[in-house]
Amino acid sequence: MVTEVDEYLIHRRLGTDAAESTTQAYAIGLALFLDWCDSIGKAPADSVPYLGRFVYWLQHASPVKSAATTTLVRAERRVNAVLSAVRGYLRHQASIGRLPHAVLAGLYDDFTSPVPGLADFDPGFQHRPRARHRLQEPPSLVDNATDDEVLKLLTAATNPRDRFIIIAMWRMGLRRGEVTGLRREDVHFVARATRLGCGVEGPHLHVRRRENPNRALAKSRRPRVVPADWLVVQAHDQYMSVLADLASDRRSDFVLVNLFREPVGSAMRPDAINALLDRLSQRNGCDRRIRPHMLRHSFATNTLAAGATLDVLKELLGHAWVASTEVYAHPSPERLRAAVEAVATQRAAGGEMVGSAAATGSGSASTLGSA
Ligand SMILES: [Zn+2]
C-alpha cells in the first residue's frame, strides 16, 4: 500500500513537474489518509463512502495523540489541501486500473465525465467535476501591524533613520525594495516642487524602478507619486540632520544608508529592513515579528478605513490590478457590526416602536416601516 503511494508521489514529482515542496505536502496528506484508513479498518479503495468522517477526523484528531479533541487542529485550508491530495491519489489509482472508476463518483457531486478522471489530466477538457468533500475557506485576512505594534517599534527605535523607515512604510505604504531604492532626488518634501522641475503640489516622493547596486527594486514598472503627510516629512527632516554629519566622502545618492556598519554611507540593503524590524520587535516586547509588508498592509487598511476608495488606494500602493487592492476591502468583524448597529441606532432615534415591537415579536412590517 505504501509503495503505491510512493509510486504516485514519484509520478507527481516527475510526471507533472510538481515542486518538491508540493510533493512533500502531498506525502504528508496521504500519510494522514492512510493512518485514518487504518483506524477505521478500511482499505483506501473502500474508504470513499466514509470520507465525510475523514474530514471531521482531519479537523479534530490531534497529530500528537490519536484521541479526538474538541478544538480544531487543522484549519479549513489545510483540510482541503489534504483532501485534494487524496483525490489526486485515488484518481491516479483509477487511471492505472488499480481502482474501479465507479469509486471516483463518490468523490464528486457531478461526476459525469465519460472517461472518469480525464477532466483532471486534460487541460482542454471543459467540465471540471466539483469535489464533494471540501470545506468553505475563510477569506484570507490581511496581516497588518496594529497601531500599538507600530508605536512599540517607534519607541524601540534608537535613531532618526530607523524612525523614518518605520514611518515612511507605515504612512506611505512603501515596499521594502522601494524605500531602500529611494534616491535623494526622488524626495520632494517641499510645498512646491517646481524649482525641482516637478509639477506635483505638496510634499511627495517618486517611486521609480531602477537597477540598484544594493539590489533594491521597485516592484511596479510604472513610476508613481506618493504624497507624504507631516509625520513623514518631520521624520525625514530629523534623519537628514543626522546624515548631514556624515563626512562628505561618505555621502551617497541613496536616502537610506548604513550609519553604523561598514561601509558607512553606502546604500542599505533591502534585507537590512527585515533585520531592523526583527530587532525592534524583540526589543520592545511585540508578541510577534513585524515584517516590512505588515506596515504596508497597515497603510492600506488605515487608508481604506479613513474613507479612501479602491481606485485611489490602487494608485497609492502601485498595484497593477485592482484585484490586488481588493484584498484590503474585506471589512473587519468590528466594521460589519458597526455598519449594522449604525442602522439600528438611526431607526431607534425615529421612535420607540422598533425596540418594543422586536422585543414582543409582534411587530408587523408596516409598524416597523412607520417607526
Ligand atoms: Zn516631485
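The structure presented is a predicted model; accordingly, all values stated were derived computationally and were not measured.

Draft legend 1. Inspection of helix H12 (residues 310-317) at higher detail. Turning to H12, its buried residues are Leu313, Lys314 and Leu317. What you see down the axis of H12 is that its buried residues fit within an arc of 105 degrees, all on one side. Where the residues of H12 are buried, they touch helix H11 (292-305) and helix H13 (322-326). Phi turns positive, to about 75 degrees, at Gly318, one or two residues after H12.

Draft legend 2. Region of interest: the confidence of the model for the protein. For the protein, mean pLDDT is 82; residues scoring 70 or higher make up 81% of the total. Looking over the protein, one finds the lowest element-wise mean pLDDT in helix H16 (residues 365-370), namely 42, and the highest in helix H7 (residues 160-172), namely 97. Contacts for the low-pLDDT stretch residues 121-126, under 50 throughout, to residues beyond four places or in other chains number 2 contacts. The model gives residues 353-371 a pLDDT under 50, and that stretch makes 16 contacts with residues more than four places away or in other chains.

Draft legend 3. Inspection of helix H9 (residues 230-243) at higher detail. Between its first and last C-alpha atoms H9 spans 20 Å; for 14 residues at 1.5 Å apiece the expected length is 20 Å, and the two agree. By the burial criterion, the buried members of H9 are Val232, Ala235, His236 and Tyr239. When H9 is viewed along its axis, its buried side chains cluster within an angular range of 100 degrees and face the same direction. Facing away from the buried surface of H9 by more than 90 degrees, the exposed residues are Trp230, Asp237 and Ser241. Where H9 is buried, its residues contact H7 and strand E1 (187-188).

Draft legend 4. Summary view of the environment of Leu231. By the secondary structure assignment, Leu231 is in helix H9. Here Leu231 falls in the partly exposed class, since 14 other C-beta atoms lie within 10 Å of it. For the pair Leu231 and Arg171, spaced 60 residues apart in sequence, the C-alpha to C-alpha distance is 8.0 Å. Residue contacts for Leu231: discarding those within four places in its chain leaves Ile167 and Arg171.

Draft legend 5. Representation of the pairing of strand E2 (residues 204-207) in the model. In the sheet, E1 pairs with E2 via 2 bridges, with the strands oriented antiparallel. Looking across to E2, one finds that Val187 is bridged to Leu205. Sheet topology places E2 next to strand E3 (residues 224-227); 4 bridges connect them, and they run antiparallel. Bridge pairing links His204 to Pro227 in E3.

Draft legend 6. Fine view of the nonpolar core. Judged by nonpolar contacts, the single largest core of 42 residues is most densely connected at Ile165, Ile166, Ala168, Met169 and Leu256. Secondary-structure elements contributing two or more residues to this core are helix H6 (147-156), H7, E2, H9, helix H10 (270-283), H11 and H12. Considering each element in turn, this core owes the most residues, 8 residues, to H7. With residues up to four places along the chain from it excluded, the contact list for Leu256 reads Arg161, Ile165, Val179, Thr180, Leu182, Ala267 and Met268.

Draft legend 7. Just unusual backbone geometry, in detail. Cis geometry marks the peptide bond from Glu262 to Pro263; its omega dihedral reads -10 degrees. Turning to its location among the elements, Pro263 is positioned in the loop between H9 and H10.

Draft legend 8. Spotlight on the sheet that holds E1. A sheet is described by the order of its strands in space; here 3 strands give the open sequence E1-E2-E3, paired in antiparallel fashion. Each edge of the sheet is formed by a strand with only one pairing partner; in this case those strands are E1 and E3.

Draft legend 9. Structural view of the environment of Arg130. Within the secondary structure, Arg130 is located in the loop between helix H5 (118-121) and H6. Given 11 C-beta atoms within 10 Å, Arg130 falls into the exposed group. When the C-alpha atoms of Arg130 and Leu107 are compared, they prove to be 8.5 Å apart, with 23 residues separating the residues in sequence. Apart from the residues within four sequence positions on either side, Arg130 is in contact with Tyr108, Asp109 and Asp110.

Draft legend 10. A look at the packing of H6 against H7. The contact between H6 and H7 brings their axes to 9 Å, and the two run at 160 degrees. Between H6 and H7, the angle is such that the two are roughly antiparallel. Between H6 and H7 the crossing geometry is left-handed. Between H6 and H7, the residues in contact are Val150, Leu153 and Leu154 and Arg163, Ile166 and Trp170, respectively. Classifying every residue of the contact of H6 with H7 by side-chain character gives 5 nonpolar, no polar and 1 charged.

Draft legend 11. Representation of the packing of H7 against H11 in the model. Two numbers describe how H7 lies on H11: the axes approach to 6 Å, and their chain directions differ by 40 degrees. Comparing their axes, H11 and H7 come out oblique. Packed against H7, whose contacting residues are Ile166, Met169, Trp170, Arg171 and Met172, the element H11 presents Pro292, Leu295, Arg296, Ser298 and Phe299 at the interface. Taken together, the residues that form the contact of H7 with H11 break down as 7 nonpolar, 1 polar and 2 charged.

Calculation criteria
- Residues numbered from 1 in each chain as written.
- Predicted model: local features only at pLDDT ≥ 70, side-chain atom pairs only at ≥ 80, totals over all residues.
- Buried ≥ 20, exposed ≤ 12 C-beta atoms within 10 Å, placed from the backbone.
- Helix = DSSP H or I, 4+ residues; strand = E, 2+ residues; numbered from the N terminus.
- Arc of directions from axis to C-beta.
- Contact = placed C-beta atoms within 7 Å.
- pLDDT = per-residue confidence, 0-100.
- Expected span 1.5 Å × (residues − 1).
- Pairing = 2+ DSSP bridges.
- Core = buried A, V, L, I, M, F, W, Y, C linked by C-beta atoms within 7 Å.
- Axes fitted to C-alpha atoms, helices over the stretch in contact; angles between N-to-C directions.
- Parallel < 35°, antiparallel > 145°, perpendicular 65-115°, else oblique.
- Left-handed = near helix turned anticlockwise from the far one by under 90°.
- Nonpolar A, V, L, I, M, F, W, Y, C, P; charged D, E, K, R; others polar.

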